[in-house]
Amino acid sequence: MSRGVLFVMSGPSGTGKGTICNELLANENNDVFLSVSSTTREKRKGETDGVTYNYTTVENFKKMIDNGEMLEYAMYSGNYYGTPKAYVQEQLAQGNDVILEIEIQGAMQVKKKFDTGVFIFLVPPSMEELYSRLTGRGRESMELIRERFLKAAEEMKCVNDYGYVVVNDTVQEAV
């Protein structure tokens, strides 16, 4: 049995990582599994524990770090986000492909461990469109939107650390 392929999808907040991954997973011709990240942030309306994220406490997240259970982790906007290692290793060993939808900090940690992974950087068609997407979500304060937008401008400098760049102009073209 051949080993599965690890795909890492990352990019600035608001570029559509979740939307693109959901569309990829909805395609019946794909045998790809999404690794559900863990986070310490509060669950938002419409999100489901174990599907959107594995929601946990800061104390439990730190224990997972200390026990070496995280493939990668990062602090983003005051909350921990990370990928539990066991699920990814199990799926890859079974020959299944796995997608990680993660932040750039985490992607660079994974890159050090999986040099054979496929690293994809998702970008918006323009910074103006990114700002429009961030404000259009209607779920964050203007202060947080401003913070995410400024961080996105910095994160765009990481584009050369990835093997592939995908412009999310329209979802279907990006998929």
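Residues numbered from 1 in each chain as written. Predicted model: local features only at pLDDT ≥ 70, side-chain atom pairs only at ≥ 80, totals over all residues. Heavy atoms only, no water.

## Section: the environment of Ile99
Inference 1: Residue placement: Ile99 occurs in strand β7 (residues 97-101).
Inference 2: Separated by 22 residues in sequence, Ile99 and Ser77 place their C-alpha atoms 23 Å apart.
Inference 3: Beyond its immediate stretch of four places on either side in the chain, Ile99 contacts Phe7, Cys21, Leu24, Val32, Phe33, Leu34 and Ser35. (Helix = DSSP H or I, 4+ residues; strand = E, 2+ residues; numbered from the N terminus. Contact = heavy atoms within 4.5 Å.)

## Side note on the confidence of the model for the protein
Inference 1: Across the protein, pLDDT averages 90, with 98% of residues at or above 70.
Inference 2: Here helix α5 (residues 127-136) is the element of the protein with the lowest mean pLDDT, 86, and helix α2 (residues 58-66) is the one with the highest, 97. (pLDDT = per-residue confidence, 0-100.)

## Some words on the environment of Leu122
Inference 1: Among the structural elements, Leu122 can be located in strand β8 (residues 118-123).
Inference 2: Since its relative accessible area comes to 0%, Leu122 is described here as buried.
Inference 3: Once the C-alpha coordinates of Leu122 and Gly14 are considered, the two residues, 108 residues apart in sequence, prove to be 9.8 Å apart.
Inference 4: Among all residues touching Leu122, those that are not within four sequence positions of it are Met9, Ser10, Gly11, Pro12, Thr15, Gly16, Lys17, Ile20, Val166 and Asn168. (Buried < 20%, exposed > 50% of the residue type's maximum accessible area, 1.4 Å probe, protein only.)

## Digging into the sheet that holds strand β1 (residues 6-10)
Inference 1: What the 5 strands build is an open sheet, ordered β2-β7-β1-β8-β9; its pairing is parallel. The outermost strands of the open sheet, each flanked by one partner alone, are β2 (32-34) and β9 (164-167). Averaged over neighbouring strand pairs, the angle between their axes works out to 25 degrees when direction is ignored.
Inference 2: Note: β2 against β7, 3 bridges, orientation parallel. Looking at β7, one finds that Leu34 is bridged to Ile99. (Pairing = 2+ DSSP bridges. Axes fitted to C-alpha atoms, helices over the stretch in contact; angles between N-to-C directions.)

## Let's talk about the packing of aromatic side chains
Inference 1: By the definition in use, this model includes 5 aromatic pairs.
Inference 2: Pairing Phe61 with Tyr80 gives two aromatic rings, centres 5.0 Å apart and planes at 20 degrees, and the pair type is stacked. Placement of the pair is Phe61 in helix α2 and Tyr80 in strand β6 (residues 79-84), with a sequence separation of 19 residues. Note on accessibility: Phe61 and Tyr80 belong to one class, buried.
Inference 3: Ring geometry for Tyr131 against Phe149: centres 5.4 Å apart, planes inclined by 85 degrees, an arrangement best described as edge-to-face. Of this pair, Tyr131 sits in helix α5 while Phe149 sits in helix α6 (residues 142-155), placing them 18 residues apart in sequence.
Inference 4: A relative accessible area of 21% places Phe149 in the partly exposed class. (Phe/Tyr/Trp six-rings, centres within 6.5 Å; stacked < 30°, edge-to-face > 60°.)

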